[in-house]
Amino acid sequence: MTGELFSPLHLRSGQVLKNRIAKAAMEENMAGDGQLPDEQLFTLYRQWAAGGTGLLITGNVMVHAEALTGPAGVVLDEHAPLKPFAEWAEAGKSGGGKIWMQINHPGRQVASDMPGVVWGPSDIGVSLGKHSSRFGKPTAMTAQQIEETVTRYAVTAHRAEKAGFDGVEIHAAHGYLLSQFLSPLVNKRTDRWGGPLENRARMLLDIVSAVRAAVSPSFAVAVKLNSADFQRGGFDAEDARQVIEMLEPLGVDLVELSGGSYESPAMTGRSTDTRTQAREAYFLDLAKDLVTTSPIPLMLTGGITRRATAQKVLDSGVAVIGMGTALAVTPDLPDRWRGGREADRRMRPVTWSDKALASAASMAQVRHQMRRLARGSSTRPGTHPALALVAEQRKQRTALRRYRTWLAKPRGARA
């Protein structure tokens, strides 16, 4: 899979990415009225599309209206109108690249003040010490709820294709529902969805199969998977290797490797000097082992900010370089690399000792940059993380009131 950064990549579905650089999913939490994409997201994705990225992967699009990762989450279910999504897809493809929709269910990672449902494979809640009360107490899903959720993913994928997206990425990382089923620490079921890895992976595999059957052969289907959960006794690199092998017969085009969860936020990295190679490409060591056996092209995300680092990752055998924060700060970074330039600004580091709070502040900083881009403004990566976090909390309170009102409407009246 070794190749030049700006060489095309041919995928199993027949789809061709124009280069090896992808904008990885970042949860925008910027839905407009009706939990739908609006001009903010269209403007944001036009900015990224114009910057030379070969693939744009959207932030979380939720498959279940009653289960959101945040109150301003976008929902694409059977009731959502497709026109706003068609505009989003068009914006994402305006620079000649591809756009895939990341589709997700939060499972137990739902804030305690959110309406709706909090589900998990078991009734084990999120453990964050003094911050644990921030999340709702989950109930273990029934067999019927599992099967209905599988169907929801297929419906969302089918509708994403109808709206003009080029593919979907099924989110099975970062402690969300499918990651919870994969984790032996969270999944304590004794039925066909629990116990050995082949059972814990069953829901993911059923969803991939249902999605592949619901879309055309040329529509890309990808999976985001933790290389490890970074929790003792949790999902590890050997589990990831086996799951990738299970996915291969199902027609998966690409597996994106990341890591961590809200309980162990490895996906945000540590706050150290970004020039230190050891703190770039967080999951490269794990990826190097997985790439030697993976029958599916791999994408690596986490801490890549410089072209030299991206090339090192590519040289290891990884097929696609995924970047999030770097593109939130510098949306034209791929074009800069092509011209021999690097980013001239980096995000202000969060050095707080409270990991959960630091992770929330880091995400708030990234959203602050995305919102500026969505307004057509330049980014301000030097914004203090505390200010970004306070501003984010205010926006979420407003969004929560709007979401509660929307969710209370009859299903047919929500659009």
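The structure presented is a predicted model; accordingly, all values stated were derived computationally and were not measured.

K.L.:
Please explain the overall build of the chain as it appears in this structure.
P.N.:
Of the regular secondary structure elements, the chain holds 13 helices and 14 strands. The C-alpha radius of gyration computed for the chain amounts to 19 Å, which stays within 12% of the reference 22 Å derived for 415 residues, consistent with globular compactness. For the chain, the spread of C-alpha atoms along the three principal axes comes to 55 × 45 × 45 Å. Scored against the burial criterion, the 415 residues of the chain give a buried share of 61%. Residue pairs at least 24 apart in sequence account for 71% of intrachain contacts in the chain once pairs closer than 6 positions are excluded.

K.L.:
Where do I start with the pattern of salt bridges in this structure?
P.N.:
Pairing is possible between side chains of opposite charge, provided their charged atoms come close. If you walk through the whole model with that rule in mind, you get 17 salt bridges. Glu248 serves as the salt-bridge partner of Arg12, at 3.6 Å between the closest nitrogen and oxygen. Remark: Glu248 occurs in the loop between helix H7 (237-247) and strand S12 (254-258) and Arg12 occurs in the loop between strand S1 (9-10) and strand S2 (16-17); sequence separation between them is 236 residues. A residue is classified by how much of its surface remains accessible, and Glu248, at 27% relative accessible area, is partly exposed. Across the pair Asp253 and Arg212 runs a salt bridge, and its minimum N-O distance is 3.6 Å.

K.L.:
Quick question: what am I supposed to make of the side chain of Thr53 here?
P.N.:
Within the fold, Thr53 resides in the loop between helix H1 (39-49) and strand S4 (55-57). Those residues in contact with Thr53 that lie beyond four places of it in its chain are Lys18, Asn19, Ile21, Ala22, Lys23, Trp48, Gly97, Leu327 and Pro334.

K.L.:
I keep staring at the environment of Glu256 and nothing clicks. Help me out?
P.N.:
Examined against the element boundaries, Glu256 turns out to sit in strand S12. Sequence-distant contacts of Glu256, defined by excluding residues within four places in its chain, comprise Ala24, Ile57, Glu169, Val223, Lys224, Leu225, Met299 and Thr301. Within the local environment of Glu256, its side chain forms a polar contact with the side chain of Thr301, the two groups lying 2.6 Å apart.

K.L.:
Quick question: what am I supposed to make of the nonpolar core here?
P.N.:
In a soluble, globular protein the nonpolar side chains are often hidden away together inside. Counting 93 residues, the largest nonpolar core has Phe85, Ile170, Met203, Leu204 and Leu247 as its most contacted members. Not counting residues up to four positions away in its chain, the partners in contact with Ile170 are Ile103, Tyr153, Leu178, Leu204, Ile207, Val208, Val211, Val221, Ala222, Val223 and Lys224. If you look at the next biggest cluster of nonpolar residues, it comprises 15 residues, including Leu9, Ala22, Trp100 and Leu254.

K.L.:
Is there a simple way to explain the pairing of strand S11 (residues 220-226) in this structure?
P.N.:
For a regular strand, side-chain orientation follows a simple rule: the groups alternate between the two sheet faces. For S11, a buried count of seven out of seven residues is recorded, marking the element as mostly surrounded by other parts of the structure. Of the two faces of S11, both are covered, the one formed by Ala220, Ala222, Lys224 and Asn226 as well as the one formed by Val221, Val223 and Leu225. Two elements, strand S10 (residues 167-172) and S11, share six bridges in a ladder whose sense is parallel. When the bridges of S11 are listed, Glu169 appears paired with Ala222. Pairing between S11 and S12: five bridges, direction parallel. Bridge pairing links Leu225 to Leu257 in S12.

Scoring rules and cut-offs
- Residues numbered from 1 in each chain as written.
- Predicted model: local features only at pLDDT ≥ 70, side-chain atom pairs only at ≥ 80, totals over all residues.
- Heavy atoms only, no water.
- Helix = DSSP H or I, 4+ residues; strand = E, 2+ residues; numbered from the N terminus.
- Rg over C-alpha atoms; globule rule 2.2 N^0.38 Å.
- Buried < 20%, exposed > 50% of the residue type's maximum accessible area, 1.4 Å probe, protein only.
- Contact = heavy atoms within 4.5 Å.
- Salt bridge = Lys/Arg side-chain N within 4 Å of Asp/Glu carboxyl O.
- Polar contact = N/O pair within 3.5 Å; in protein donor to acceptor, adjacent residues only side chain to side chain.
- Core = buried A, V, L, I, M, F, W, Y, C linked by side-chain atoms within 4.5 Å.
- Pairing = 2+ DSSP bridges.

Nothing here speaks to function; it is all geometry.
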